[in-house]
Every structure is written in structure tokens, then in C-alpha cells.
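# Fold and contact review
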Amino acid sequence: MSSRSPSRSFNGRIDKLDFDENRKKPSSTRNGSEQSGPSGLLRDDDSFLSDVVDGVIERDRRKMKRLVAKYLSFACAIVNCLCAGSLTAYSLYGPLFQTRLGYSQFQVNAVSITAELAMYLPIPIFGYLCDRYNPRPLALFAGVVFGAGYLLAAFTYRKGDDLESKSWPFGVMMLAFVGIGMGTSAMYLSAVTACAKNFGRGKHKGFALAMPIAAIGLSGMWESQVGSRLLYEKDPETGSRGDVDVFRFFIFLATLLFAAGLFGSLALRVFDEEEFIDEAVSELARSGLLEDSPLFQRSLLHDGGSTSNHDHSGYGTLASPASIPATETASLCSDHSSKNRQKKTWLLNTETRLFLRDPTMWVIAAGFFLVSGSGEAFINNLGTVISSLYPPSSHGPPRSNSPTTHIAILATTSTVARLLAGTLSDLLAPAQSHPSRSITSNSKRPTVSRLSFLLFWTALLSLGQILLASGLIQRHPPLFALISTVEGLAYGAVFSLTPIIISVVWGVQNFGTNWGVVAMMPAGGAAVWGAVYSAVYQAGVDKRSIMGKEEETRCFGVKCYAATFWAMAVCSWVAMGLWGLAWSRWRKRNIAV
């Protein structure tokens, strides 16, 4: 009997070191393969565990890469919106179109109305393209038309401002602002749609939508500050800072917005689209709306029920990859991709029909038409409203009450209201009954409907319109900052809450098209209210001319705007009634908004 190893204890137990010391080393066969036995099984287990660990690491790496790309897309959307709202700086150079280019008030308003129409009318088309394809081509298109539009506007302005050269026709300036308007809506919608689809099903959808919507409100503020503080003309007599240098300002905007569009074309992406498309199809199937659908009956929506053998690799069936030839695998992938495209197209077309046939959609759109149009008209005519507070004999408003100051106030308050409205709607809005479209909660927390917020901000908007129409601000011009604050808060909240409500009621899978249809409404509203304001303003100018002051182009006094803002206040109340009607119908349909 062989002697015991010194590592063993005297009671006969084997220590773990003793076991390792005396364990047989694995031997190899002549062909170099390992022998079977316990050691081989251990190595197989090690190899299996190593494969599992490698798989987990690779999965986490892909997940992290996807998450980084998703938040990069979110950051890109915010950057694009921080640049896209350059039209809100129109009040900065709009009065110079009168004094430098000799445009009448009607022509100045015609340029802004043309830009508004070009911005809002194509939105349904842009939304359709975002839903059917992806936001990146639209972002690139926005950068191109933005750059071309501002370059054309810059050289048109230079020709008109140069007394020694012949100015270009007025229609050229309008054409330039068509490109600017289209670029605004394309860049805005590509960014907002990407955010809605990537984050619209989570519990922070309000904040995720409010961020890019708030960013577009900030864009006008910082761009107008760059124009007035950096790209300005010097007074030839005193050498002090004068008006904005419109030519250089337009060149700056052309360069900036083309770069933003190029960035968006590279970074904007939509993730997990197939997942929420399948969820939406399942929801429609539960509602009974798919019973008459040929696509549904052919089982293209369920990955099963096919007649061919290879189509049985849906739910509950797992084919061996090795048993499928490479050519058949490629055919399966192509067939699967084709079915997904068919399913997506069918779903989006169905969602569009349901949206357009819903009476509450038209009620919401009508209220948005009345409210948003008045806000757009106020922003576009801010410069002339302020100038009407001071007599023509004066040197105009002081710097503390200048259009640049009030553009900054409007942008700041609008941004605060958009973020506040989106965040509060996430925290206080009632939980949704759609399990696939949002995260439900059973907590007994206090709830406030998003419609309550919308009605409150609209009432605040009408209050600002009444204060301006009453003549109080005409008697105390420094109080105009109060009007800018109220209008900015209300305007921003309405533009933040309306798309959030649309995403809640009708889902995010067709958000670009749905929001595009409703977002088109401010085009008509801006055109109507711009025309009304111009008519009232021009009537005041004509009255001064009849009284003996010839060649007047400026209006002074409350008569320049009072009738317009009284009418706006009445329309705000009508919009509140329409939204209350839609809310009551959603309650009957058990839709928590």
C-alpha cells in the first residue's frame, strides 16, 4: 500500500489541495483529441459558460449601443429644434422691410403670411413621409431649403437696400420665405416625430415631446439676440449699435440651418418601430376593426397560418438553421420584410382613416385654428404693435421696450410653459386604459386632465388679448412686458399640450400624419388674423392721412389694434367651448386624457 500524501490529515480525510495534487492530468489521444471522461465534461461546461457569458456581454453591448444611438437621436432632435424656429425673429427685421425696402404694411404681412402658409400647409405631407419612411431624409431636405431660402432673402434685401442698384421684385422675397417656411416645418416635424415614436409609449412622453417643442421656442430668442448684439449696423453719426444687419443675419441663418439639417440626416432614427406597429395591430384586432380586412384574414398580421412549410417558423415553431438552405433563408428574410412593409402600410392607412373620421379630431383642430392663428399673428406683428404705442414724432420705443426685448420675453416664457405643461401632464394626467400605448398605474394619486391645463392656458391667452384691446397698455407702454409674458406662456402651453393630447388619444404609430393634419390649422389662422390686423392697422394709417398727415406709413394709438384683439379674445372663448365638447365625448368613450 502506498504511503499517504503529507497533505492528508491523520483522520483519513482528503484536503482540497491534496485532491488537486493527485488528480490525473488529462491525456490526449494520438490524433490530439481530448479523452472523454469527467475532465472533458468539465471543459465542455466551461466552454458552455464562456459562450453564455460572451453572449450576455454581446447582448449588453448591443443594448448599450442602441441606447446611446437613441439618446443621440433625442439630442439631435433638440439641436435641430433649437435652430429651426428662426421665423419667430421676423419682428426683428420686419420693420426694416418697411423703412429700407419701402414695403407697405400689407407687403410686410404678405411675406410673413407666405412663410406661415409654406410652413403649415405641407405638414401633413411631411408627416406622411416621416411615418412611412424615417425622419432623416426630411431633415436633409429642411437644411437644403433653409439654406437656399435665407441666401435668396439675403441678396434680395441687399439689392433693395442699395440705392445705386435696381431692387429685385417683391415676389422674389416671397419665394425666399416659401423655402424658409417649408424648412421650418420639415425640420421641426422630423425632430418631434422621432421623439414621439421613441419615447411616446413611456411614462415620460409629455416631457420627451415638450423638450423639442420648447427648444423651437428658444431658437427665435437666441437667434434674435445674435442678430441684434453681434450682427448689427453701426450708427454713422455716433458709432453706436444700430439696427440688425439683415444681410449678414440671413447669411448666418443659412449656414447654421444647413448644418443642422445635415446633422439631423445622420443622427435622427426611430427605434423599435416593429414592436409598436404590432401592438397597434393587436389593439385594432381586439377592437374588432380587422374582421373585414383581407390582410388580416391572410394572417400576415400574426406570423402564422401560412400554407407553405417555411412559413411555419412563427410563434411556437423553431426551425433548425442548419436545415434551411442559404437561398431559402434569404427568401424567408425577403418575404418577412415584405410582409412587415405591407403590415405597416396597411396599419398607417387604417389609422389615418380612423383619425380623419373621428369628429372629435375636427373639434380639436377647429379650436387650435382659432387660438394658434391669433398667437402667430401677435408674434409676426409684434414690432408694429409696439411702434403704435409711441407717436411718430418720438424716436420709437426705448431699448427696454424694443421688439428684441419682447422676442426674448416671448421665447423664454413660451419655453417655460412648454416644459411645464409637458412635465405636469406626465405627473398629474390620469392613467391610460390602453395597455399597449402607455404605462398604466394603479396608484391613487390626484389627477388633472390635460384638457384642464389646455383650457386654463387658453383663458390666460384671452386675458392678455383683453388687456391689450382695452387701451390699458396704450396708456402705460412699459406694461407691454406683461402682455408678452401672458401671450408667451399661453401660446407655448397650447402648442405643447395639443400634440401630447393627439399622441395620447390616437397613439404614436401614425403621429407624424395625425399631428401634421392638426398642425396645418395655424396656417389658415395666421392668414386670417394677419389680414384682419393689417386691415385694422391700415385703416388707422389712412385716417391719419385724411387728417392732413400725408405719406404716413405708421399708425399710432389704440385704434391700430383694438378691434383685432377684441375679436381674438372672443375666438379664444369659442375654442374653449369646442375643446370642452371634445373632452365630454372622450369621457363617454372612456378615454382618459
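Everything discussed here concerns the structure shown above.
This is a predicted model, so every value here is computed, not measured. (Residues numbered from 1 in each chain as written. Predicted model: local features only at pLDDT ≥ 70, side-chain atom pairs only at ≥ 80, totals over all residues. Heavy atoms only, no water.)

### Here we look at the overall build of the chain
Keep this limit in mind: Working definition: helices are DSSP H or I runs of at least four residues, strands are E runs of at least two. Numbering for both runs from the N terminus. Between buried and exposed lies partly exposed: a residue is buried under 20% and exposed over 50% of the maximum accessible area for its type, with that area taken using a 1.4 Å probe on protein chains only. Only heavy atoms enter the contact rule, under which two residues are in contact if any of them lie within 4.5 Å. For the accessible areas, the method is Shrake-Rupley and the probe is 1.4 Å, while residue cover comes only from the protein chains on display.
Looking only at helices and strands, one finds 21 helices and two strands in the chain. Split into buried and exposed, the 593 residues of the chain put 49% on the buried side. Within the chain, contacts between residues separated by at least 24 positions form 80% of all contacts whose residues are at least 6 apart in sequence. Carbon and sulfur atoms make up 62% of the accessible area of the chain, which amounts to about 28400 Å² in all.

### Digging into the nonpolar core
Selection rule: Take the buried Ala, Val, Leu, Ile, Met, Phe, Trp, Tyr and Cys residues and link them wherever side-chain atoms come within 4.5 Å; each set so joined is a nonpolar core.
The biggest cluster of nonpolar side chains holds 131 residues, and the ones touching the most others in it are Y93, F97, F177, F250 and W586. Here F250 is in contact with Y93, F97, Y150, A153, A154 and F177, once residues within four sequence places are set aside.

### Considerations on the state of the cysteines
Here is the rule: When two cysteine sulfur atoms lie within 2.5 Å, the pair is treated as a disulfide.
Enumeration over the complete set of coordinates arrives at one disulfide. With a sulfur-sulfur separation of 2.0 Å, C555 is cross-linked through a disulfide to C560. Looking down the S-S bond of the C555 and C560 bridge, the torsion is -90°, so its handedness is left-handed. What makes C555 buried here is its relative accessible area of 1%. Taking the relative accessible area as the measure of exposure, C560 reaches 1% and is therefore buried. Here C76 stays free of any disulfide, with the sulfur of C195 as its closest cysteine sulfur at 9.2 Å.

### A look at the packing of helix 7 (residues 170-199) against helix 19 (residues 511-519)
Helix packing for two helices is described by the angle between their axes and how far apart those axes are. Definition in use: Only the contacting stretch of a helix is used when fitting its axis, a line to C-alpha atoms as for every element, and angles between N-to-C directions run 0 to 180 degrees. By definition in this entry, angles of less than 35 degrees are roughly parallel, angles greater than 145 are roughly antiparallel, angles of 65 to 115 are roughly perpendicular, and the rest are oblique. A crossing counts as left-handed when the near helix is turned anticlockwise from the far one by less than a right angle, and as right-handed when that turn is clockwise. Gly counts as polar in this scheme, as do all residues outside two lists: the nonpolar Ala, Val, Leu, Ile, Met, Phe, Trp, Tyr, Cys and Pro, and the charged Asp, Glu, Lys and Arg.
Put simply, helix 7 and helix 19 touch, their axes get as near as 10 Å, and they point 135° apart. Put simply, helix 7 runs oblique to helix 19. Seen along the crossing, helix 7 lies across helix 19 with a hand that is right-handed. Taken together, the residues of helix 19 that come into contact with helix 7 (itself represented by Y188, L189, V192, T193 and A196) are F511, G512 and W515. Looking at the contact of helix 7 with helix 19 residue by residue, the classes come out as six nonpolar, two polar and no charged.

### Some details on helix 9 (residues 246-267)
As a reminder, the rule being used: Given the number of residues in a helix, its expected span is that number minus one, multiplied by 1.5 Å.
Compared with the 32 Å implied by 1.5 Å per residue over 22 residues, the 31 Å span of helix 9 between its first and last C-alpha is a close match. Within helix 9 the residues assigned to the buried category are V246, F247, F249, F250, L253, A254, L257, A260, G261, G264, S265 and A267.

### Section: the packing of helix 3 (residues 90-99) against helix 9
Between helix 3 and helix 9, whose axes approach to 11 Å, the crossing angle comes to 140°. Looking at the two axes, helix 3 sits oblique to helix 9. You can see that helix 3 and helix 9 cross each other, and the crossing is left-handed. Contact residues: helix 3 offers L92, Y93, L96 and F97, while helix 9 offers V246, F249 and F250. Across the contact of helix 3 with helix 9, the residue classes break down as seven nonpolar, no polar and no charged.

### Re the environment of A77
You can see A77 is positioned in helix 2 (residues 38-84). Taking the C-alpha atoms as reference, A77 lies 9.8 Å from R269; in sequence the two are 192 residues apart.

### Quick word on unusual backbone geometry
Phi is positive for N590, which is not a glycine, with a value near 60°. Note that N590 resides in the segment after helix 21 (562-588). Under the relative-accessibility criterion, N590 is labelled exposed at 61%.

In short, shape yes, function no, at least from these values alone.
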